[in-house]
Structures are given as structure tokens and as C-alpha cells.
Amino acid sequence: MQVATFGSTCSPCSAQHVKNVNAEEFLDRYPQAVKAIIENHYVDDYLDSFKTVNEAIQIGCQVKMIHKDGGFEIRNFLSNSHAVLEGIDEAVFRECKELNLETTSGTESVLGMKWLTEDDCFTFSISTHAELRQILLASHVPTKREVLKVVMSLFDPLGLIANVIIHGRILMQNIWSSGAEWDDKINLALFEQWRQWITIISTLECLKIPRCLFPATNIDDLHTLQVHIFVDASSSAYSAVGYFRIVGKHGPHVALVTAKTKVAPLKAITIPKLELLAAVLGTRLLNSICSVHTLTTIKRFLWTDSSTVVAWIKSKQRKFNSYVAVRVGEILATTSADEWRWISTKDNVADDATRWGKGPNVTINNRWFNGPEFLYLDEANWPQPTLKATNTEEHLMIHQHTLSEPLIEVNRFSRWEKLMRAQAYVHRFIDNIKKKHRNMSIERGNILQEEIIRAENSLWRQSQAETFSNEIVILEKSKGQPQMKHPNVSKSSSIALRWPYMDVNGILRMRGRIDAASWTIITGNIAMQIEKPSSMKFASASKFPN
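Quantities reported herein were computed from a predicted structural model and do not represent experimental measurements.

Teacher, can you tell me more about the overall build of the chain here?
Summing up its helical and strand segments, the chain has 18 helices and 15 strands in all. Within the chain, the fraction of its 546 residues that count as buried is 40%. Of the contacts formed within the chain by residues at least 6 apart in sequence, a portion of 65% connects residues at least 24 apart.

Would you mind going over the confidence of the model for the chain with me for this structure?
Any region with low pLDDT has predicted coordinates that should not be read closely. On average, the chain scores 82 in pLDDT, and the residues at 70 or more come to 83%. Within the chain, helix H15 (residues 392-403) has the poorest average pLDDT of any element, 42, and strand S7 (residues 226-233) the best, 97.

I'm lost on the side chain of His140 in this one. Help?
Positionally, His140 belongs in the loop between helix H6 (130-135) and helix H7 (144-153). You can call His140 buried: its relative accessible area is 16%. Among the polar contacts listed, one links the side chain of His140 to the side chain of Glu146, at a separation of 2.8 Å.

For this particular structure, what's the right way to read the nonpolar core?
Within the largest apolar cluster, 53 residues are counted, with the highest numbers of intra-cluster contacts made by Trp194, Trp197, Ile201, Phe230, Val241 and Trp368. Core analysis: the next-biggest nonpolar cluster, separate from the first, contains 32 residues, Ile246, Leu276, Leu281 and Ile313 among them.

Is there a simple way to think about the sheet that holds strand S11 (residues 340-342) in this case?
Sheet strands associate in pairs through backbone hydrogen bonding, adopting either a parallel or an antiparallel arrangement. The strand order across the open sheet built from five strands is S9-S8-S7-S10-S11, with neighbouring strands paired in mixed fashion. One side of each edge strand has no neighbouring strand; the edge strands of this open sheet are strand S9 (251-263) and S11. Across the sheet, the mean angle separating the axes of adjacent strands is 25 degrees when strand polarity is ignored. Contacts from helix H8 (residues 162-177) reach strand S8 (237-248) and S9, with the element oriented near 15 degrees to S9.

I tried to follow unusual backbone geometry on my own but got confused; where do I start?
Phi is mostly negative for residues that are not glycine, and the peptide bonds are mostly trans. In this structure, Val43 is a non-glycine residue whose phi angle is positive, near 60 degrees. For Val43, the location among the structural elements is in the loop between strand S1 (41-42) and strand S2 (45-46). Of note, the phi angle at Asn76 is positive, near 60 degrees, even though the residue is not glycine. Locating Asn76 in the fold gives a position in the loop between helix H3 (53-69) and helix H4 (82-87). Judged by its relative accessible area of 30%, Asn76 falls in the partly exposed class.

What counts as what
- Residues numbered from 1 in each chain as written.
- Predicted model: local features only at pLDDT ≥ 70, side-chain atom pairs only at ≥ 80, totals over all residues.
- Heavy atoms only, no water.
- Helix = DSSP H or I, 4+ residues; strand = E, 2+ residues; numbered from the N terminus.
- Buried < 20%, exposed > 50% of the residue type's maximum accessible area, 1.4 Å probe, protein only.
- Contact = heavy atoms within 4.5 Å.
- pLDDT = per-residue confidence, 0-100.
- Polar contact = N/O pair within 3.5 Å; in protein donor to acceptor, adjacent residues only side chain to side chain.
- Core = buried A, V, L, I, M, F, W, Y, C linked by side-chain atoms within 4.5 Å.
- Pairing = 2+ DSSP bridges.
- Axes fitted to C-alpha atoms, helices over the stretch in contact; angles between N-to-C directions.

The following block contains the structure:
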């Protein structure tokens with residue numbers, strides 16, 4: 001073949017092979033230019049950076065010459081330096097032809113982002129096309145197809161605005177869960193979320209993110225380079241964000257490197273599991289940063305606000321459920337336990353991508369782009385864990401609560417009564433096996449009311465353990481007593497304001513004003529006056545009146 005067939009499966013591989021073979025013929029004369037062609041080309045695009053103008057001109061001219069020798073013409077260079085463009089004879093192309101006709105002068109797309117060469121910064125825009133502008137009108141109720149079109153129009157490979165895009169993907173997941181068809185209008189509740197989100201993304205056009213991580217910094221300061229990874233998870237998403245930190249003559253400097261976010265799966269999953277997934281994501285992000293960047297880091301830090309995950313990673317015991325064991329193994333394969341640190345939620349910058357709150361801040365001066373405030377202090381002044389060191393046994397208890405598998409598959413039942421009876425039979429079967437080994441009489445016949453109650457309590461406990469695992473561990477210490485003071489659960493918990501407590505059966509309850517009132521319970525022909533609900537006891541009967 002003398003040409004590459006467009007659309008053929010082998011065409012990308014053939015094009016890359018020919019490009020590299022042609023470059024390798026000049027390896028002895030121009031080693032740096034050959035390395036740039038092999039490592040810094042993306043298909044037919046060349047992207048590189050240099051420390052000096054002269055180096056950029058030299059490598060640029062050599063790259064053009066090598067390509068030209070093989071019959072390839074590389075042109076339409078862009079640079080933040082006019083001297084570089086003039087040095088490689090590229091200024092003529094810039095003056096006579098504007099490639100990006102839909103954008104303002106002086107911009108060009110780089111993997112979906114807009115690079116303002118004059119200001120040397122990145123920016124984003126979603127209202128370029130007339131079709132998108134129509135969808136973003138305040139009075140327009142979008143369909144599922146239109147929402148997806150807007151979400152996918154924001155392609156952010158570096159994760160610079162991942163804290164904004166992730167909420168659009170969460171919205172898309174909610175629309176999908178609602179059962180709407182592709183051309184159906186979204187419902188009112190989802191439309192309110194849509195309006196909040198597009199109000200925030202409309203401000204992205206004013207955002208300018210500097211391309212240079214550390215402008216006007218002494219090159220010797222890079223020898224103090226550190227990388228910091230923050231991870232966090234919520235019931236909706238989990239995220240990891242990475243920063244570079246150097247200590248210069250005028251103090252520390254922190255810059256956002258990249259971020260990665262993922263929507264939580266539709267299948268119900270506990271918060272500790274999601275926090276563990278975030279830790280895995282942070283580990284992979286750290287490896288990617290260290291392998292892609294040519295800068296050498298002297299120290300690595302990984303931060304999480306989950307004490308459970310920290311205990312799993314630092315535990316010397318490895319008797320975990322396979323789900324936890326596999327992921328902890330991946331984390332420890334490329335990171336050490338000493339590199340992981342606990343941090344409070346208020347200092348965890350990854351929290352900006354996982355929780356909506358009032359909406360993410362998209363100004364250039366917020367902590368998402370500049371890192372948390374404590375990184376600008378000396379390491380001795382960094383926040384230290386305020387919680388007491390939790391031993392492995394306590395975290396194994398959390399593990400037992402959150403990772404226990406249900407006895408039966410709940411989704412197979414369409415009625416609550418059938419589910420309770422099936423659960424009761426399973427409990428009886430387990431009890432009979434234990435009694436058989438102890439030479440005791442086993443239960444037979446119809447299910448009793450006491451067994452139904454036991455099965456119902458078991459189902460409640462299983463359901464609550466999947467959602468409120470951390471709260472259960474905290475409230476179990478005061479089991480059976482409604483708390484007279486506010487429970488010591490995390491303020492970020494969705495039930496923190498409901499005054500939760502755990503009853504004698506291990507089920508989470510909500511304490512309200514009615515608990516302080518006098519109750520009269522009537523069962524059959526017996527009336528009982530109860531003054532203190534916290535100490536009342538329930539008696540079960542085999543039969544109940546109609």
C-alpha cells in the first residue's frame with residue numbers, strides 16, 4: 001500500500017508504525033526529535049513542552065524535517081510564544097487561516113478543551129452550537145437524549161472540571177433509573193436538578209485555568225516536589241484528585257494535576273465499600289501521574305476521610321471478605337500503608353466532587369484548583385487525626401456489618417409477607433441443623449408468630465446495614481436505650497437530624513417528641529399505661545385478636 005485506507009481496522013496501527021519507522025532512521029542524528037515523534041504524538045497531532053524557546057525551535061524544526069523526509073507534512077503549529085512560531089516558520093499559517101471557525105481568535109481545541117495561546121490557559125465552552133443553545137434555554141424541558149448530548153459535550157480528559165461534570169452524569173443516571181425513554185421529557189424533580197446543573201456549567205465560560213503548573217518558579221524548587229492524592233465517596237459518586245506541591249523561596253506552591261470521578265453503581269453498595277473503591281481509584285491515579293509526568297516526586301501522600309479504609313489498609317490481619325481483600329491487595333501492591341493518612345471531611349477537597357450541597361464552586365480561586373489550605377503550611381502544621389486509633393477488631397466488626405450476604409435473594413419476592421415467611425423458614429432450617437448436632441428436638445409444622453417477627457427483624461437489620469453501616473457501629477454501644485442527647489453520628493449522615501437510636505432487636509429507630517408522651521397500649525382485653533417508653537417491654541402472643 002502507498003496510502004492508508006480510511007476506516008480500515010488496521011489503518012491506525014499501520015499509520016503509527018510507518019511514522020515510527022521513518023523517525024527511527026534519524027535516531028543517530030536527532031535523538032531528541034525522534035523521541036518526541038514516538039512518545040509525544042497522538043495519531044497525527046504533536047503535543048510537547050520545553051524549558052526554553054531555543055530548545056522548542058530546535059526540536060520543532062527537526063520534527064518537521066523528519067516528517068517531510070517520509071512524505072508527511074506537519075503544519076499549523078500553535079504556541080504560547082510568538083518567537084517559537086517565527087523560528088519554525090509557522091507564523092504565516094497562523095495569519096492566513098483560522099482553523100477553528102466557531103471559536104474566538106487565538107484559541108484551539110486540545111482534546112476537547114480550548115487553549116487560549118495568548119493567555120496560555122485552558123477554558124471550556126458548551127454554548128457554541130445553536131442546537132446546544134436551544135437545549136439550555138430556561139423554558140426548555142429536555143429529553144433523556146438531549147441531557148446526554150449536553151453531558152457528553154463536556155469532554156475533560158484531565159479532570160480539571162470533574163467536580164462539575166460528575167453531577168451531570170449523576171443526573172443522567174437518575175433519569176435512566178426513572179424509566180424515561182430517549183425522547184421522553186424528564187419529570188419535574190429531575191428538571192429542577194437539571195436547571196441547577198446547567199446554571200453552574202454556564203459559568204464555565206468565564207473560567208480560565210493556567211496551563212503551567214508552577215509559573216515563575218525556580219527550576220531548583222522542583223527537587224522538593226510532592227504528590228498528594230485525595231479520595232472520597234458518597235452514595236452518588238466517588239472521586240480522586242491529585243495535586244503537585246513544591247516548596248520555593250516564597251513558600252509552598254500547590255497546583256491541580258488531574259482528577260477522576262465515577263458514578264456509584266445502581267446496585268446498592270455500602271459507604272465503606274464505596275470509600276474503598278475511591279481508594280483504589282486514587283491509587284490508580286497516583287500511578288498514572290507518576291508514570292506519565294517526567295517530574296520526579298520525593299514523597300507521596302494519599303488522604304481519605306474514611307477511618308475504616310485506613311484501618312483495612314494498615315491492618316496486619318488479612319482475614320477480610322474477598323471483596324475487601326482483593327482491593328486492599330491492589331492498593332498495597334503499588335503504595336505502602338505509611339503513605340495513607342486520615343483527614344477530616346471538611347479538609348478533604350475530593351468531597352467537592354461527591355456531594356452537591358450548594359453546588360460546586362467553579363471560580364479559579366477555590367480550593368479545587370489550588371488545593372486545601374493546610375498544604376500551604378509546614379508539614380508539622382498539617383491536620384492530625386482527632387479520632388482515637390481504631391484497632392483492627394473494631395473495623396472487622398464494621399466489616400461484618402457491611403459485607404454480610406443476605407440469606408435469601410430479596411429481589412425474587414414481590415410480596416413482603418412471602419419474603420418474611422421464606423426468611424423464617426431459612427432461620428428454622430439453620431436452627432434445626434444446630435439442634436441436630438446437639439441431639440436436641442427440632443421444630444416442625446407451620447411457622448409460628450415468633451419466627452415471623454424474628455424474620456422481619458432480620459430483614460430490617462440487613463437492609464439498614466447496607467445503607468447505615470457506620471451509624472450502626474456507633475449506635476450499637478447504646479443499644480436498647482433512646483438517647484437523651486443528640487447521637488454521636490457523623491453530621492454528614494443522612495439520618496443525623498432524625499435522632500436515631502438502636503432498639504433491643506438491633507434495628508435503627510427514630511426518636512421524636514411522641515416518645516416523651518404517655519402511651520396506652522391495648523392488646524386484647526388488657527390496657528397498660530406506660531409513662532417511660534425507654535423502658536417499656538413488649539410481650540408476644542401466638543394469636544392476635546381481629
